[in-house]
Amino acid sequence: MAKKQFKAESKRLLDMMINSIYTQKEIFLRELVSNASDAIDKIYYKALTDDQLVFDKENYYIKLTVDKANRTLVITDTGIGMAKEDLENNLGVIAKSGSLAFKKENEIKDGHNIIGQFGVGFYSAFMVADVVTVTSRALGSDEAFKWESKGADGYTIQPCEKATVGTEITLKIKESTEDDQYDEYLEEYRLKAIIKKYSDFIRYPIKMDVKGQRPKEGSEGELEDYEEEQTVNSMVPIWRKNKNELTQEDYENFYFEKRYGFDKPIKHVHISADGAVVYNAILFIPGNTPFDYYTKEYEKGLELYSNGVLIMNKCGDLLPDYFSFVKGMVDSEDLSLNISREMLQHDRQLKLIAKNIQSKIKGQLQSLLKDEREKYEQFYNSFGRQLKFGVYNDYGMHKDVLQDLLMFYSSAEKKLVTLDEYVSRMPEDQKYIYYAAGQSIDRIEKLPQTEMVSDKGYEILYFTDDIDEFAIKMITKYKEKEFRSVSSGDLGIESDGDDNAADTEESGNKELFEYMNGILSDKVKGVKASKRLKSHPVCLSTEGEVTIEMEKILKAMPN
Ligand code: ADP
Ligand code: MG
């Protein structure tokens, strides 16, 4: 039988996969079980549109079977199975996802639970197995095929016998070495624990033959051996569970399992609301900025379930734009299943939920700021910009929600501070909240305009983000204090009485100023003697609302 070769780059990819993508070996089970669940979901989906096919939940399950003596772990499913070309395409081509293709072919956008999309999970089996054998019979076919591989050196496919539709994956578990333990993957208790950890809310039963001892009925203290098939996952979605029974890890696994992100979320909130509207939700604040976050491609939204059935993958109406970074899901019994997407947008219940969620998120961010400053700063570095856009957009309509969450770099503290912190430190004679805008902290520090304010001992906020000054213009005042750019014409600082720089008339340089005003007349509005300079001979200042930095940004914007 001819051995087919992996393509060259696939070999390297496979090697990478096996050795570096996953930090924990145990996740191979999560991946294989996810695939099995996807395969059953596909039949479920097909049955929705095919009258010939009846989906009777009883008949669909995933089963783990261990044979310690032969060092094999078998994962069986009653899913849709794979034809010969599926084995070739999906298991022979790395990073090709048959599940993603299935979703596309069937134009499934919403209403599915299929997990697969990256086309790499299957190969994680090679982290624990020397040989992987897949026998599969596709739905609607009476032929079955066997795919077998020892890893990087290729795979074989040949016909075989299989009585039922579905897939059976046999892993020949590696021998343990001094450095690496593999025996645990043949232990019932260990496999059970892995399933609980990663796959507890897989909607189909994951069964195992469990051996043990139990008190013999009708006897006193006598034990009997038993072996029975048990369902090891609870199948109940995590959000329906009691918060007290869930650990931080459970939430993190859910985040990962749902592919909300590959990072570790900074914070989660589990909501069980039963007021005006009844819903469960689990929301996450991600740890890192998604790579496409600040692009048009990024799509905000939460998964929306009705009674545990997913009806929308990304319900954008549940999140305001300024909290578009939030990931997670909402499940409500109050939404009826047959509601169309358009109608949902005007759904009163949905609006109530959205409002509720918005205040929960704000509450979470506030408590993070108050109690876990470091984490808040991590969050702010990732998503602070979005909050500032939120203040600026919609004519400043959301500034009240957001202004307490803003932070800027402070000249006094040399770190990010909130407006509240700034204002609470202001000396009594300080009239304004001062800020200086520029490209970087370094550059701002060299601005001549900052000298006078700093010399007065006043703190200056440094605006290094394009949006900063625009956002602040929307706020106008914070706790009764107005914002003032250090380059504004009026700094509201009283002259110290000493006359080191009198006004233009008195300076005795009247002619010089007339001359400068003359030659610069088409460049600036006027040249005046300044009281604010110390170690610099000259600086630019502005009158009115639009500062030089803002003008630069406005000019750079496409029309
Ligand atoms: P993903 O699940 O992200 O698509 P995998 O590497 O885990 O990637 O699997 C690759 C493909 O192989 C799947 O998309 C699916 O088409 C197919 N596949 C894997 N396991 C099974 C299975 N148990 N039953 C049917 N198809 C499967
Ligand atoms: Mg997969």
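No experiment lies behind these values; they were computed from the predicted model shown. (Residues numbered from 1 in each chain as written. Chains lettered and ligands numbered in written order. Predicted model: local features only at pLDDT ≥ 70, side-chain atom pairs only at ≥ 80, totals over all residues.)

A few words now on the packing of helix H9 (residues 373-396) against helix H14 (residues 466-475). Where H9 contacts H14, the two axes come as close as 8 Å, and the packing angle between them is 50 degrees. In terms of axis orientation, H9 runs oblique to H14. As for how H9 packs across H14, the hand of that crossing is left-handed. Of the residues in H14, those in contact with Arg385, Lys388, Phe389, Val391, Tyr392 and Gly396 of H9 are Ile467, Asp468, Phe470, Ala471, Met474 and Ile475. Classifying every residue of the contact of H9 with H14 by side-chain character gives eight nonpolar, one polar and three charged. (Axes fitted to C-alpha atoms, helices over the stretch in contact; angles between N-to-C directions. Helix = DSSP H or I, 4+ residues; strand = E, 2+ residues; numbered from the N terminus. Parallel < 35°, antiparallel > 145°, perpendicular 65-115°, else oblique. Left-handed = near helix turned anticlockwise from the far one by under 90°. Contact = placed C-beta atoms within 7 Å. Nonpolar A, V, L, I, M, F, W, Y, C, P; charged D, E, K, R; others polar.)

Right, let's get into helix H2 (residues 27-49). Look at H2: 34 Å from first C-alpha to last across 23 residues, which is about the 33 Å you get at 1.5 Å a residue. With respect to burial, H2 is a largely interior element, 18 of its 23 residues being buried. (Expected span 1.5 Å × (residues − 1). Buried ≥ 20, exposed ≤ 12 C-beta atoms within 10 Å, placed from the backbone.)

Here we come to helix H4 (residues 98-105). Those residues of H4 lying buried are Gly98, Ser99 and Phe102. Looking down the long axis of H4, one finds its buried residues gathered within 100 degrees of arc, a one-sided arrangement. The inward-facing, buried residues of H4 abut H2 and helix H3 (84-91). Downstream of H4 by one or two residues, Glu107 has phi in the positive range, about 50 degrees. (Arc of directions from axis to C-beta.)

Across the protein, the average pLDDT comes to 86, with 90% of residues at 70 or higher. Contacts of residues 496-502 to residues separated by more than four positions or lying in other chains number five contacts, the stretch itself having pLDDT below 50. Overall fold confidence for the complex sits at a pTM of 0.59, while the interface term, ipTM, reaches 0.99. (pLDDT = per-residue confidence, 0-100.)

Further remarks concern the nonpolar core. One broad trend across soluble globular proteins is that nonpolar side chains are buried collectively. The biggest cluster of nonpolar side chains holds 112 residues, and the ones touching the most others in it are Val33, Ala125, Val330, Tyr434, Tyr435, Ile460 and Leu461. Those residues within four positions of Val33 in sequence are excluded, and the remaining contacts are Ile62, Ile75, Ile195, Ser199, Ile202 and Ile206. (Core = buried A, V, L, I, M, F, W, Y, C linked by C-beta atoms within 7 Å.)

Here we take up the pairing of strand E7 (residues 206-215). Relative to E7, strand E1 (residues 62-67) is paired through three bridges, and the arrangement is parallel. Paired with Leu64 across the strands is Met208, a residue of E7. Where E7 lies against strand E8 (residues 223-231), nine bridges are found, and the strand directions are antiparallel. Across the sheet, residue Met208 finds its bridge partner in E8, namely Gln230. (Pairing = 2+ DSSP bridges.)

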